[in-house]
Amino acid sequence: MTPPRVWLHLTNVAAKKRDQSAQNLRAALSRRVEAQRKLDALLGYRQDYLAKLDAATRRGIGADGLRNYRAFLANLDRAIEQQTALMATMQSDVGFAQTDWQHTQHRVDSLQTIDQLRTELGEQREARRDQKLTDEYALRRSRGGGDD
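Residues numbered from 1 in each chain as written. Predicted model: local features only at pLDDT ≥ 70, side-chain atom pairs only at ≥ 80, totals over all residues. Heavy atoms only, no water.

1. Observations concerning the overall build of the protein
- Counting secondary structure elements, the protein contains 2 helices and 0 strands.
- Here the protein has a C-alpha radius of gyration of 34 Å; the compact-globule value for 148 residues is 15 Å, and the former is much larger.
- By principal-axis analysis of the C-alpha atoms, the protein measures approximately 120 × 25 × 15 Å.
- Expressed as a percentage of its 148 residues, the buried residues of the protein come to 18%.
- Long-range pairs, those at least 24 residues apart, make up 82% of the contacts in the protein with a sequence separation of at least 6.
- Carbon together with sulfur atoms contributes 54% to the accessible area of the protein, which is approximately 11,000 Å² in total.
- Counting 25 positive and 20 negative side-chain charges, the protein places the averaged centre of each group 6 Å from the other. (Helix = DSSP H or I, 4+ residues; strand = E, 2+ residues; numbered from the N terminus. Rg over C-alpha atoms; globule rule 2.2 N^0.38 Å. Buried < 20%, exposed > 50% of the residue type's maximum accessible area, 1.4 Å probe, protein only. Contact = heavy atoms within 4.5 Å. Areas by Shrake-Rupley, 256 points an atom, 1.4 Å probe, with all protein chains shown as cover. Lys, Arg positive; Asp, Glu negative; His and termini not counted. Charge placed at Lys NZ, Arg CZ, Asp CG, Glu CD.)

So this is what it looks like as structure tokens:
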């Protein structure tokens with residue numbers, strides 16, 4: 001059977017790895033939320049700029065003004081594409097972090113289950129030993145050989 005100090009070390013190491021995985025997951029989730037916030041802002045800017053272009057077109061806009069609007073919208077579209085790609089990466093990072101955390105949590109759960117079984121087996125052994133001693137004592141007393 002594994003010595004208790006070794007077992008305690010194993011469980012502590014597993015718990016530390018699980019805690020680190022949880023921190024990594026929280027960080028990945030936070031980065032994804034921030035990336036989504038930026039994407040939403042870019043999409044909002046695009047909608048606002050399209051509305052300004054529509055209003056300018058109704059009022060009448062010169063060729064240079066139209067070219068500027070379109071160039072800015074093209075830049076916004078590129079930024080939106082980049083942010084969308086970043087969001088996909090962030091989502092992937094979150095998935096990896098979730099999987100890692102689940103594996104480390106499963107390891108901690110497994111070690112806790114094994115530790116519980118070890119404890120129960122130890123208690124059963126102790127109970128059998130106590131019962132054996134009690135039976136031997138009772139047998140000696142019944143034979144008259146007890147040393148009271």
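2. Observations concerning the nonpolar core
- The biggest cluster of nonpolar side chains holds 11 residues, and these are Ala35, Leu39, Leu42, Leu53, Ala56, Tyr69, Leu73, Leu76, Ile80, Met87 and Met90.
- Looking at this core, the elements with two or more residues in it are helix H1 (4-59) and helix H2 (63-142).
- When neighbours within four sequence positions are excluded, Ala56 is seen to be in contact with Ile61 and Tyr69. (Core = buried A, V, L, I, M, F, W, Y, C linked by side-chain atoms within 4.5 Å.)

3. With respect to the packing of H1 against H2
- In the contact formed by H1 and H2, the axes pass within 7 Å of each other and the chain directions differ by 160 degrees. Looking at the two axes, H1 sits roughly antiparallel to H2. Relative to H2, H1 is oriented so that their crossing is left-handed.
- Looking at side-chain class alone, the contact of H1 with H2 contains 33 nonpolar, 10 polar and 13 charged residues. (Axes fitted to C-alpha atoms, helices over the stretch in contact; angles between N-to-C directions. Parallel < 35°, antiparallel > 145°, perpendicular 65-115°, else oblique. Left-handed = near helix turned anticlockwise from the far one by under 90°. Nonpolar A, V, L, I, M, F, W, Y, C, P; charged D, E, K, R; others polar.)

4. Re H1
- Taking 1.5 Å per residue, 56 residues should reach 82 Å; H1 reaches 82 Å between its end C-alpha atoms and fits that length.
- Note on H1: the residue one or two positions beyond its end, Gly60, has a positive phi of about 105 degrees. (Expected span 1.5 Å × (residues − 1).)

5. Things to note about the environment of Gly65
- Counting through the fold element by element, Gly65 comes out in helix H2.
- Gly65 sits 43 residues away from Ala22 along the chain, and the two C-alpha atoms are 51 Å apart.

6. With respect to the pattern of salt bridges
- For the structure shown, the criterion picks out 8 salt bridges.
- The salt bridge involving Arg46 is made with Asp77; its shortest N-O contact spans 2.4 Å. With Arg46 in helix H1 and Asp77 in helix H2, the pair connects residues that are 31 residues apart, well separated along the chain.
- Arg46 sits in the partly exposed class, given a relative accessible area of 25%.
- Residue Arg58 is joined to Asp54 by a salt bridge in which the shortest nitrogen-to-oxygen separation is 2.4 Å. With Arg58 and Asp54 both in helix H1 and 4 residues apart, this pair spans about one turn of that helix.
- By relative accessible area, Asp54 is classed as partly exposed at 36%.
- Among the charged side chains, a salt-bridge network with shared partners connects Glu126, Arg129 and Asp130. (Salt bridge = Lys/Arg side-chain N within 4 Å of Asp/Glu carboxyl O.)

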